[in-house]
Amino acid sequence: MPRSVNSVASRARRKRVLKLAKGYWGRRKNVWTVSKNAVEKGLTYAYRDRKAKKREFRKLWIQRINAGAREHGMSYSQFMGKVGQSGIELNRKVLADLAMNHPEAFKAVIDKVK
């Protein structure tokens, strides 16, 4: 009896990977072994950078809050400590937006915590 291979599933798997490789340059888009490695590495980078993106935005928010707080004579750590003590329920994302785009509202927050 000849060996039975499930070529339908194999072809579907290859098609799925080659579809993910669409837009790649050279052999990475149409040669199975090359595109398989390229797609796998790309998915690894995507997973890693979804985590890194959160860290990058947090760093950006902290820098913006720090700049806004220092305009009013406070450091970031002093400001965030007083925000926590005064029970203001604004997160860093919102505080950074206020410091950047609505300075008068950020000044009101600063005055409240002082």
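Definitions and cut-offs
- Residues numbered from 1 in each chain as written.
- Predicted model: local features only at pLDDT ≥ 70, side-chain atom pairs only at ≥ 80, totals over all residues.
- Heavy atoms only, no water.
- 1 Å grid on protein atoms, 1.4 Å probe; cavity = no way out; pocket = protein on both sides within 12 Å on 5 of 7 lines; lining within 4 Å.
- Points joined across faces, edges and corners; volume = space filled by probe spheres on them.
- Nonpolar A, V, L, I, M, F, W, Y, C, P; charged D, E, K, R; others polar.
- Helix = DSSP H or I, 4+ residues; strand = E, 2+ residues; numbered from the N terminus.
- Buried < 20%, exposed > 50% of the residue type's maximum accessible area, 1.4 Å probe, protein only.
- Polar contact = N/O pair within 3.5 Å; in protein donor to acceptor, adjacent residues only side chain to side chain.
- Contact = heavy atoms within 4.5 Å.

Q: When you look at empty space enclosed by the protein in this model, what are you seeing that I'm missing?
A: The probe, sized like a water molecule, is rolled over the atoms to show the empty space still left. Scanning the model with the defined rule gives one cavity of 30 Å³ or more in all. In this structure, the largest cavity spans a volume of roughly 30 Å³. Lining the largest cavity are Gly68, Glu71, His72, Ala99, Pro103 and Phe106. Tallied by class, residues from the lining of the largest cavity come to three nonpolar, two polar and one charged.

Q: Would you explain the side chain of serine 75 in this entry?
A: Along the chain, the position of serine 75 falls in the loop between helix H2 (32-70) and helix H3 (76-86). The exposure class assigned to serine 75 is buried, which follows from its relative accessible area of 15%. Among the polar contacts listed, one links the side chain of serine 75 to the side chain of serine 77, at a separation of 3.3 Å. In contact with serine 75, not counting residues within four places along its chain, are Asn66, Ala69 and Arg70.

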